Amino acid sequence: TLYTSITSKTRSARVIGSTALGITYVACGRFDAMINNDCNFYDCAAANIIAREAGAIVSDFHGKPLTHETEGSNDLLITNKNLQPEIINILNEGKN
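Keep in mind the model is a prediction, meaning the values are calculated, not measured.

Considerations on the packing of aromatic side chains
In the structure shown here, the tally under the stated rule is one aromatic pair. Between Tyr25 and Phe31, the aromatic rings sit 5.0 Å apart at their centres with planes inclined by 90 degrees, giving edge-to-face as the arrangement. Taking relative accessible area as the criterion, Phe31 reaches 13% and is therefore assigned buried. Over the ring of Tyr25 we find Arg30, and its NZ or CZ is 4.6 Å from the ring centre.

Brief notes about the sheet that holds strand S1 (residues 34-36)
Spatial ordering of the open sheet is given by S1-S3-S2, a layout of three strands whose pairing is antiparallel. Looking at which strands have only one partner, the edges of the open sheet turn out to be S1 and strand S2 (57-59). Across the sheet, the axes of successive neighbouring strands diverge by a mean angle of 5 degrees, strand direction being ignored. Alignment of S2 against strand S3 (residues 76-79), held across three bridges, turns out to be antiparallel.

Topic: the environment of Ile88
In this fold, Ile88 is placed in helix H4 (residues 84-92). Given the relative accessible area of 13%, Ile88 is considered buried. Setting aside chain neighbours within four positions, we find Ile88 in contact with Phe61, His62, Gly63 and Leu77.

Brief notes about the layout of surface pockets
Roughly 920 Å³ of internal volume is contained in the largest pocket. Secondary-structure elements contributing two or more residues to the lining of the largest pocket are helix H1 (2-7), S1 and H4. For the lining of the largest pocket, the residue count by class is 13 nonpolar, seven polar and six charged.

A few points about helix H2 (residues 19-27)
Of all the residues in H2, the buried ones are Thr19, Gly22, Ile23 and Val26. End-on view of H2: buried residues confined to an arc of 100 degrees, all on one side of the axis. Where H2 is buried, its residues meet S1, helix H3 (41-53) and S3. Remark: Gly29 follows H2 within two positions and exhibits a positive phi of approximately 90 degrees.

Parameters and conventions
- Residues numbered from 1 in each chain as written.
- Predicted model: local features only at pLDDT ≥ 70, side-chain atom pairs only at ≥ 80, totals over all residues.
- Heavy atoms only, no water.
- Phe/Tyr/Trp six-rings, centres within 6.5 Å; stacked < 30°, edge-to-face > 60°.
- Buried < 20%, exposed > 50% of the residue type's maximum accessible area, 1.4 Å probe, protein only.
- Lys NZ or Arg CZ within 6 Å of the ring centre and 35° of its normal.
- Pairing = 2+ DSSP bridges.
- Helix = DSSP H or I, 4+ residues; strand = E, 2+ residues; numbered from the N terminus.
- Axes fitted to C-alpha atoms, helices over the stretch in contact; angles between N-to-C directions.
- Contact = heavy atoms within 4.5 Å.
- 1 Å grid on protein atoms, 1.4 Å probe; cavity = no way out; pocket = protein on both sides within 12 Å on 5 of 7 lines; lining within 4 Å.
- Points joined across faces, edges and corners; volume = space filled by probe spheres on them.
- Nonpolar A, V, L, I, M, F, W, Y, C, P; charged D, E, K, R; others polar.
- Arc of directions from axis to C-beta.

Geometry only, nothing functional implied.
Okay, here's the thing in structure tokens:
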């Protein structure tokens, strides 16, 4: 599962219950990444803007940038440019 693939490679993982709060935690540096595989556009649009303005990378699980046209694909990865490639590799392990 997604949770298992991440937790086996990280020091800790948190499920906080609010996608928008998790995104803003990445934006302010409290979290290194936010991963959500069931995000509706209207649940996280404002937080995505905050994250982008703070310098975070907002993409899907393949690294494709999310824009107003592609948001709603439901796969959401928010992190920094240094961690994004490593997290994408972890997310896509075993899918090939």
